[in-house]
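Summary of the model geometry
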Amino acid sequence: MRSKTISGDPPAWQPSASASAQMVLRYLDMRLALIIALAVLAGIFAYQAPVNATILVGWPGDRLFLQASEGTGAADRYTFYGDELTADARSGRSRWTHQGARVDLVGVGGGALVVTVRAQGWPADALQSATRQPEVIVAAHDAPIGRFTPDERWAEYEFAVPVEARRGADLSLTFTASDVFTSTGVYIDPRPKGVRIESIGVRSASDGPFMPAVAPVFWLTVNGVVWFLALVGLTRRPTGAFVAATLLVSGAAVALAALRIWAVALLPWFAGVGAVPLVWQYRALLTKYPLRLIRCFARGTSLGYGLLGAVAVWLMAMAALYAPPLPRPEWFWEFFPDSLVSTLIIAGVLALILIYGHNGLPCLVQNIVDVIASRRWAALLLALILAVWVGYLGSVIMALPYVGHADYADNAVVARNLLAGRGWTVDYVTQFYRLYDGVTRPQETWPLLQPVWVAFSFAVFGVSAWAAKVPNLLFMTLLALAVYRTGSMLWDRRVGVLAVVVLITSHLYFKLVIYVTNDLGFALFAFGALIALYRAWGAPQAGMSAQKVVLLTAVSGGLTGLMLLQKPGSGGLIALGMGLWFLWARFDTLPRTLADLRVRLAPVVGWGVVAFALLSPYLARNMLTFGVPFYSTESKDAWVLEYTTWDQIYAVYTSEEGLSTLGVPDRSWILRWGFDRTLVKLERQVQALRDYLIPSWERAPFGMGEWFGRADKKRLLFEAGAWLALFGAVGAAVAHRRLMALLGAAFVPYALFLIVYWHTNEERYWVVIMPWLALFAATAIWRIYDRIAGVSNRRWAPFGLLAVVALTATIISPSWPEIAEKVRDEPHLYRADLDAYAWLQRSTPPDAVVMTRNPWQLNWHSERPALMIPYTTDQETFLRLARHYRVRYLVLDTLQRPAPEVRRMLDAMIADPHLGFREVYRTPTYRADFRGVTKELTAVVYALPGED
């Protein structure tokens, strides 16, 4: 029976043909040739239209033609600064140049041109001793075509570009100012600036005819071919695809004629967009042979032999690099009797190897591995590991007399006030988005749940620095047990034990315990909520009762609610992803009846109700206190952080009492910072996330090293752990697809939230995914062991166990110097500040308000109300804030200092005898060695004018 063909299409286009045959035959089809001919002719004719285009400098898209940089090195000599809002500019935006700037216009076409530049010179109050305005030389391809002296007002300047000054179809313009200026009389801006440019226009000086540019015509043809083939694959109707591709080529040709410089810049990108569905259509053909090669390599013992060879090479390299020199006979008597003991140990090990031989030693190794995998011994080993590590952590937190910086100390302060019956209040003001009647206020910045756990600990153990850290010690223990249980359930007990070792010995988790952070509880609740939801609806076990499914769903909902209370913003994004995955899991097929719809929705609704019930007290408290369900100063910090320096969040923004004209930050400030700075911020956050997760590969082929992490950055699990976690995640994507879908649904919105709104470049924001990374890395390590042990009837199992030990050591050993630094060196950094805080507690009234750069720590240690030193260089603003909050003392701490410009202002005020600042206490000078640098630390307390 003959197959039915698509109406009007030859058999070569039928879907019954193989993909490779279709691709070959399509290239021979006449319609493709017509598309190519049309594109070439349309491109030639498009270039007969005179060019007339304008670049609005400072608006999106201008970076296609110019480079921008805030640097001042040789590489930045001919670049622009970032785009800026410009009130007096016609378009509302512009850019300053460095002393020189360059603009590259590709594919403009032949013939003489006229360039129009709209520019502005220096403002009238520019602080510059040279001439009032610079002379600007304009060059085309490094050949001068004119010069102008800009005015304080905007003006347009025209320059002719003769044919003999052209080099092909492109145009390269440079602007070089004779001098630069920096700041003005009222605005501090240290950047050396040349001239401000608002727009650059290019138009033809004649009507043609013109020679077309080869590259744009080529890309127009490529677009026609790519989009034709892509549309054929998507629609299976070549005739319709031919019509659509013809319209696309015609539209692109019109754009090439009317908006030439923009069309030339965008044509390659448009072709790339069209290639995406084309690649997707032929994905099976493109991946057929690589996948076949991977499968062949993975079968049998070939991979095992490869891993065995890698371990052997590694052993030889380590022996060559670190092996001690061979002993000489006289050494035996020189180091006797130690040499005798060493000789006996070495002889015993060699005898053990000889006795067991090539059969017994592998059996011994396999028995060791089997012991680790057994239920009883794995539990005992886990208990021993936790006992040792928790005991060590307990001794560390007992010895550290502080709770940490900023929000860490804030958690302890709020907990102390909770225990005293004062609610979620603090006695300090840290930011200046509004003025308070006093320094005592409701705490609005950090989440509310961590102080509750700490308050319980205070109630049991008393108010102390070590008691504030007990909840995190408990959270880490519970998380370790949950990770072990999950590893045992999804893979085997070996994976669970090894993942726990990798996780708890990380320096990041060590820091989460020794400080009063809320990230460890957040990681515990998020992990528990995810795995409970997955067990209930992602991979339910055979024979699991309906009651257990309901229980697991309720547990997941409860843990989700606790996660939201622990970190509402971040937890909300994870919860949103979990809910979307839950709906996807319940609606993999469309419901048939209304009753079916209710049955499928019921678990999702129940899960959400449990989570919301736990979250509702937080929402009610916010409504009563702030009038909105969610409130945090982070909603204002987000539009300042990463766009400028960190200290800017402590600037004075409130306009109350005429303190500032800046206004309170909001999302409109993105326009104030400029598109460049916003894009740089986003790029920096993406790179930070990449550097935390993706291993480095500097010598990757085809320039792919840019997609991997930077070699000078630390991964969450360091280099070896990042590679192993990556391999383990790939294996999990095959064996546990629904789990990986759940993790993707949960953490992709979370990552986007941090990239776009907040910031990713703080390691503590990613500890929430480290339990999963540890599990993936442990899975990969034991998979390597199994592959090596499977070679030659497990005779090479000792090498497999050696690989397990070595790989584990490469993951956990880089944390040891970090941990040692915290235990050995960091306490010395706090000594001067703690001394000053102790003096304040002894020598000042309980209601004395102290201005400091560390109000959180000062209030915790001294129990004195505090005010943040504002980020301002205006003495009057500083003094008005001090008077408003009745500040009596100023402390210059050592752990955190104000920005240099603020410090210079403070030094000037302290040195001014008319203001009356008096030094009332100075701590001894303490020496602290930290990261190879010796510091001398002294904290000073000053009494403000009129105080005794």
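See the structure shown above.
Residue positions within a chain follow its written sequence, with the count starting from 1. Local features in a predicted model are, by the rule used here, given only for residues with pLDDT of at least 70; side-chain atom pairs are given and counted only at 80 or more, and totals for whole chains, interfaces and linings are based on all residues. Side-chain measures here rest on the full set of heavy atoms in the structure, leaving out hydrogens and waters.

Segments assigned H or I by DSSP are reported as helices when at least four residues long, segments assigned E as strands when at least two residues long, and all are numbered from the N terminus. A count of helical and extended segments in the protein chain gives 31 helices and 19 strands. Principal axes of the C-alpha set define a box for the protein chain whose edges measure 100 × 95 × 85 Å. Relative accessibility under 20% of the residue-type maximum defines a buried residue, over 50% an exposed one, and the middle range a partly exposed one, all with a 1.4 Å probe and only protein chains included. Split into buried and exposed, the 948 residues of the protein chain put 49% on the buried side. Contact definition: two residues touch when any of their heavy atoms are within 4.5 Å. Considering only intrachain contacts with a sequence separation of at least 6, the fraction spanning at least 24 residues in the protein chain is 71%. Per-residue and other accessible areas were derived by the Shrake-Rupley procedure at a 1.4 Å probe size, with only the shown protein chains allowed to occlude residues. As displayed, the protein chain offers around 44900 Å² of accessible surface, 65% of which is attributable to carbon and sulfur atoms. If you average the places of the 85 positive and of the 71 negative side-chain charges in the protein chain, the two averages end up 12 Å apart. Under the counting rule used here, the positive set is Lys and Arg, the negative set is Asp and Glu, and His together with the chain ends is not counted. Think of each charge as sitting on NZ of Lys, CZ of Arg, CG of Asp or CD of Glu.

The subject of this paragraph is the packing of helix H16 (residues 519-538) against helix H24 (residues 737-756). H24 packs onto H16 with a crossing angle of 140° between their chain directions and a minimal axis gap of 10 Å. With respect to their mutual orientation, H16 and H24 come out oblique. Remark: the crossing between H16 and H24 carries right-handed chirality. Here Phe522, Leu530, Leu533, Tyr534, Trp537 and Gly538 of H16 come into contact with H24, specifically with Arg738, Leu739, Leu742, Leu743, Ala746, Phe747 and Tyr750. An axis is simply a line fitted to the C-alpha atoms; with a helix, the fit covers only the stretch in contact. Between two such axes, the angle follows the N-to-C directions and lies from 0 to 180 degrees. By the definition adopted for this analysis, an angle is roughly parallel if under 35 degrees, roughly antiparallel if over 145, roughly perpendicular if from 65 to 115, and oblique otherwise. Crossing handedness is defined as follows: a turn of the near helix away from the far one that is anticlockwise and smaller than a right angle gives a left-handed crossing, while the clockwise case is right-handed.

Here we take up the packing of helix H14 (residues 493-504) against helix H25 (residues 770-789). Helices that pack against each other are described as a pair by the angle of their axes relative to one another and the distance between those axes. Remark: H14 packs on H25, axes separated minimally by 8 Å, with the N-to-C direction vectors making an angle of 130°. Between H14 and H25, the angle falls in the class oblique. Crossing of H14 against H25: the hand is right-handed. Counting all contacts with H14, which are made through Arg494, Val495, Leu498, Ala499, Val502 and Leu503, the residues of H25 involved are Met770, Pro771, Ala774, Leu775, Ala778, Thr779, Ile781, Trp782, Tyr785 and Asp786. Gly is put with the polar residues, along with every residue not named as nonpolar or charged; the nonpolar set is Ala, Val, Leu, Ile, Met, Phe, Trp, Tyr, Cys and Pro, and the charged set is Asp, Glu, Lys and Arg. Split into classes, the residues belonging to the contact of H14 with H25 amount to 13 nonpolar, 1 polar and 2 charged.

To continue, consider the pairing of strand E3 (residues 93-96). Side chains Arg93 and Arg95 of E3 all project onto a buried face; the interleaved residues Ser94 and Trp96 project onto the opposite face, where all are buried too. Pairing of strand E2 (residues 84-85) with E3 involves 2 bridges; the strand directions are antiparallel. Looking at the pairing, Glu84 lines up with Ser94 of E3. We treat two strands as partners when DSSP finds at least two bridges between them. In this structure, E3 lies alongside strand E10 (residues 196-204), joined through 2 bridges in antiparallel fashion. The partner of Trp96 across the bridge, within E10, is Arg196.

This paragraph deals with the sheet that holds strand E13 (residues 849-852). Strand order in the open sheet formed by 7 strands is E12-E11-E14-E13-E15-E19-E16, and the pairing between neighbours is mixed. Each of the sheet's edge strands pairs with one partner strand only, and the pair in question is strand E12 (440-442) and strand E16 (918-922). Strand-to-strand twist of the sheet, defined as the mean angle between neighbouring strand axes without regard to direction, takes the value 35°. As judged from the 2 bridges shared by strand E11 (residues 425-429) and strand E14 (residues 866-868), these two strands associate in the parallel manner. Among the inter-strand pairings, Val429 is bridged to a residue of E14, identified as Leu867.

Working definition: rings of Phe, Tyr and Trp (its six-membered ring) pair if their centres are within 6.5 Å, and the pair is stacked with planes under 30 degrees apart, edge-to-face with planes over 60 apart, and tilted otherwise. Enumeration over the complete set of coordinates arrives at 39 aromatic pairs. Ring geometry for Phe458 versus Trp860: centroids 6.0 Å apart, planes at 15°, classification stacked. One end of the pair, Phe458, is in helix H12 (residues 449-461); the other, Trp860, is in helix H29 (residues 855-862), with 402 residues separating them in the sequence. Here Phe458 matches Trp860 in class, with each residue buried. Chaining the aromatic ring pairs together yields one cluster made of Tyr433, Tyr643, Tyr653, Trp669 and Trp673. We note Arg191 situated over the ring of Tyr81; from NZ or CZ to the ring centre the distance is 4.6 Å. Sitting over the ring of Tyr402, Lys469 keeps its end group 5.7 Å from the ring centre. We call a charge positioned over a ring when the NZ of a Lys or the CZ of an Arg lies within 6 Å of the ring centre and within 35 degrees of the ring normal.

All right, on to the sheet that holds strand E9 (residues 171-177) then. Taken in spatial order, the 4 strands line up as E4-E9-E6-E7 in an open sheet, and their pairing is antiparallel. Looking at strand neighbours, the two that pair on one side only are strand E4 (100-105) and strand E7 (143-148), the edges of this open sheet. Going across the sheet, the axis of each strand differs from the next one's by a mean of 20°, ignoring polarity. Here strand E6 (residues 136-140) runs beside E9; their pairing, made up of 5 bridges, is antiparallel. Bridge pairing links Ile137 to Thr176 in E9.

Right, let's talk about the pattern of salt bridges for a bit. Pairs may arise between side chains of opposite charge once their charged atoms sit close together. When a carboxyl oxygen of Asp or Glu is within 4 Å of a side-chain nitrogen of Lys or Arg, the pair counts as a salt bridge. Counted by the stated rule, this structure contains 35 salt bridges. Where Asp647 meets Arg853, a salt bridge forms, and the shortest distance between an N and an O atom there is 3.3 Å. On the criterion of sequence distance, the pair formed by Asp647 in the loop between helix H20 (634-637) and helix H21 (669-673) and Arg853 in the loop between E13 and H29 is long-range, its members being 206 residues apart. Just as Asp647 is buried, Arg853 falls in that class too. In this structure, Arg710 engages Asp712 in a salt bridge whose closest nitrogen and oxygen atoms are separated by 2.5 Å. Classification of Arg710 as partly exposed rests on a relative accessible area of 39%. When its relative accessible area of 54% is taken as the criterion, Asp712 is described as exposed.

By the element assignment, Ser668 lies in the loop between H20 and H21. With a relative accessible area of 41%, Ser668 lands in the partly exposed category. Remark: the alpha-carbon pair of Ser668 and Trp639, spanning 29 residues in sequence, is separated by 8.5 Å.

Turning to the nonpolar core, a few remarks are in order. The set of buried Ala, Val, Leu, Ile, Met, Phe, Trp, Tyr and Cys residues whose side-chain atoms join them within 4.5 Å is what this entry labels a nonpolar core. With 198 residues, the main nonpolar core has Met578, Phe747, Trp766 and Trp772 as its most contacted residues. Ranked by residues supplied to this core, first place goes to H25 with 15 residues.

Another point: a positive patch on the surface. For patch building, the residue pool is restricted to those with more than 30% relative accessible area and no salt bridge; the joining distance is 9 Å between like charges and 5 Å between nonpolar side chains (Val, Leu, Ile, Met, Phe, Trp, Tyr). Taken together, the side chains of Lys288, Arg292, Arg295 and Arg299 define a basic patch exposed on the protein surface. Considering the arrangement of structural elements, one finds Arg295 in helix H6 (residues 283-298).

All right, on to the side chain of Arg95 then. Residue position: Arg95 is located in strand E3. Among the polar contacts listed, one links the side chain of Arg95 to the backbone oxygen of Tyr81, at a separation of 2.9 Å. A 3.5 Å cut-off defines polar contacts: any pair of N or O atoms within that distance qualifies, except that in protein one atom must be a possible hydrogen donor and the other a possible acceptor, and neighbouring residues in sequence count only when both atoms are side-chain atoms.

Attention shifts here to helix H23 (residues 718-735). An ideal rise of 1.5 Å per residue puts 26 Å on 18 residues; H23 measures up with 25 Å between its terminal C-alpha atoms. Where H23 is concerned, the buried positions are Phe718, Gly721, Ala722, Leu724, Ala725, Gly728, Ala729 and Ala732. Along its buried surface, H23 packs onto helix H15 (507-514), helix H22 (675-693), H24, H25, helix H26 (797-812) and helix H27 (815-824). Multiplying one less than the number of residues by 1.5 Å gives the expected span of a helix.

Considering the arrangement of structural elements, one finds Phe675 in helix H22. Separated by 617 residues in sequence, Phe675 and Gly58 place their C-alpha atoms 8.0 Å apart. Not counting residues within four places of it along the chain, the set of residues in contact with Phe675 comprises Gly58, Trp59, Pro60, Asp83 and Arg93.

Geometric values such as these leave the question of function open.
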